[in-house]
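Descriptive structure summary
Below are the chains, spelled out letter by letter.
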Amino acid sequence: MSGDIHPAAVQHMAQHVLNQLQERRSRCRASAPLTPLFVGVQGPQGSGKTFLTSRLHAQLSSQPHALSVVVLSIDDLYLPHSGLRSLAESHRNNILFQGRGQPGTHDVPLGTSVLQKLKGINDADAQTVDIPSFDKSLFNGEGDRVSRGETVKGPVDVVILEGWCVGFFPTSKEVIEQRWKEPVPTLEPDTFDMKSFVSVDDVLAVNEQLKQYVEWWSALDAFIQIKGPSSAQLSIIYKWRLQQEHNMKANNGGKGMTDAQVKTFVDRYIPGYVFFGDGVMKGLSGSEVAETERLPPWIGMGLSITIGGDRDLLQISKF
């Protein structure tokens, strides 16, 4: 179903990256090595962000642009299987850590190292950079890191970091406790009951882990966010992810999750959007995480793509 996304979305994404790259080049001294433009791409499960990112990569790499583009998925930065199991064991009562996906299930030092190396990949003495790879099919679907990732060498023009929680920022305990008391926006109570499977302490544990990711986000220069319409930003994720699963099963002989399993799968990610998703626009705030509020580095260089239930392009805006 991801292939049904309006082709114009890719054109807008490509033009946004090209504009930001041109501005970057115009500001830099000709004698200095130009670091790659780092672009964050965030979108919920089933929205088609991986498909769009691959098409963006193809368009920027082709003529007439012929840019050198590296795509790094946050999914490839997961902890190895042993690390995921250790995390789950140490948080046995927190369902958010029972499996990969949430902030805290990634190898933050590894990601920091890769991003730093990519920042300097255009330096005269730069070495090649190994891009990690994670195989989700290993260990009966629990997944594990593998050694056959891509090796990249400079020069590189654009680095894209994509993932469902890219740009999500931690917040304060007070904000989390207040949101815990409020109804979940754009979801009917009979569709989603967050308090039935997760506690406020579970969310606070993820918030603590998310503090480590701020260093990753500080590397980003520009941003692209894919989202549903404001009236259905969360409810539409269930539709998208279900469509995605049905499409996959139609092409592989019926192997995949049941509809009920898809709902359970999506349920586990909803707290992330509720408590941390507005960080893409608002950044770091709250007395516990910063002395003063700090906007994301990409504000003024962000592109928002709103798509509908069938992934039709509804709106393009900048932030």
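First, a word on scope: everything that follows refers to the structure included in this document. (Residues numbered from 1 in each chain as written. Predicted model: local features only at pLDDT ≥ 70, side-chain atom pairs only at ≥ 80, totals over all residues. Heavy atoms only, no water.)

So, about the pattern of salt bridges. In total, this model carries 15 salt bridges according to the counting rule given. Across the pair Asp 107 and Arg 145 runs a salt bridge whose closest N-O atoms are separated by 3.0 Å. Note that Asp 107 is positioned in the loop between helix H3 (81-90) and helix H4 (108-119) and Arg 145 in strand E5 (residues 144-146), a separation of 38 residues in sequence. The partner of Asp 221 in a salt bridge is Lys 119, with the nearest N and O atoms 3.9 Å apart. In this pair, Asp 221 sits in the loop between helix H7 (214-217) and strand E8 (222-227) while Lys 119 sits in helix H4, placing the two residues 102 residues apart along the sequence. Shared partners join several salt bridges into a network, and the residues in it are Arg 24, Lys 119 and Asp 221. (Salt bridge = Lys/Arg side-chain N within 4 Å of Asp/Glu carboxyl O. Helix = DSSP H or I, 4+ residues; strand = E, 2+ residues; numbered from the N terminus.)

If you trace the 6 strands from one edge of the open sheet to the other, you get E2-E7-E1-E8-E9-E10, paired in mixed fashion. Of all strands in the sheet, those with a lone pairing partner are strand E2 (69-73) and strand E10 (313-318), marking the two edges. In this sheet, neighbouring strand axes are inclined to one another by 15° on average, regardless of whether the strands run parallel or antiparallel. Judged from the 5 bridges that link them, strand E9 (residues 302-307) and E10 form a sheet pairing that is antiparallel. Note that in E10 the partner of Ile 307 across the bridge is Leu 313. Contacts from helix H2 (residues 49-61) reach strand E1 (37-42), E2, strand E7 (158-163) and E8, with the element oriented near 170° to E7. (Pairing = 2+ DSSP bridges. Axes fitted to C-alpha atoms, helices over the stretch in contact; angles between N-to-C directions. Contact = heavy atoms within 4.5 Å.)

The biggest cluster of nonpolar side chains holds 56 residues, and the ones touching the most others in it are Trp 217 and Ile 270. In terms of residue count, the dominant contributor to this core is helix H10 (residues 270-276) (5 residues). Residues contacting Trp 217, with those up to four places away along its chain left out, are Ile 74, Leu 161, Cys 165, Val 166, Gly 167, Phe 168, Phe 169, Pro 297 and Trp 298. Counting residues in each nonpolar core, the second largest holds 26 residues, with Val 10, Val 17, Leu 52 and Leu 60 among its members. (Core = buried A, V, L, I, M, F, W, Y, C linked by side-chain atoms within 4.5 Å. Buried < 20%, exposed > 50% of the residue type's maximum accessible area, 1.4 Å probe, protein only.)

The next thing to look at is the environment of Ile 236. With respect to the helices, strands and loops of the structure, Ile 236 is situated in helix H8 (residues 235-252). Here the alpha-carbon distance between Ile 236 and Asn 207, two residues 29 residues apart in the chain, equals 24 Å. Leave out the neighbours within four places in its chain, and Ile 236 touches Gly 228, Pro 229, Ile 307, Gly 308 and Gly 309.

Now for the packing of helix H1 (residues 7-27) against H2. Running from amino to carboxyl end, H1 crosses H2 at an angle of 55°, the nearest separation of the two axes being 9 Å. For the element pair H1 / H2, the angle class is oblique. For the pair H1 and H2, the sense of crossing is right-handed. Mapping the contact onto sequence places Ala 9, Val 10, Gln 11, Met 13, Ala 14, Val 17 and Leu 18 in H1 and Leu 52, Arg 55, Leu 56, Gln 59 and Leu 60 in H2. (Parallel < 35°, antiparallel > 145°, perpendicular 65-115°, else oblique. Left-handed = near helix turned anticlockwise from the far one by under 90°.)

Turning next to unusual backbone geometry. The omega angle of the peptide bond from Gln 63 to Pro 64 is 10°, so this bond is cis rather than trans. Of note, Pro 64 is situated in the loop between H2 and E2. Positive phi, normally seen in glycine, also occurs at Asn 140, with a value near 55°. Topologically, Asn 140 is positioned in the loop between strand E4 (133-135) and E5. Assessed through its relative accessible area of 84%, Asn 140 is described here as exposed. With a phi close to 60°, Thr 186 is a non-glycine residue in the positive phi region. Mapped onto the fold, Thr 186 is located in the loop between helix H5 (173-181) and helix H6 (200-210). Overall, the relative accessible area of 26% leaves Thr 186 in the partly exposed class.

Considering the arrangement of structural elements, one finds Thr 112 in helix H4. Ignoring anything within four residues of it in the chain, the contact list for Thr 112 reads Glu 215 and Trp 216.

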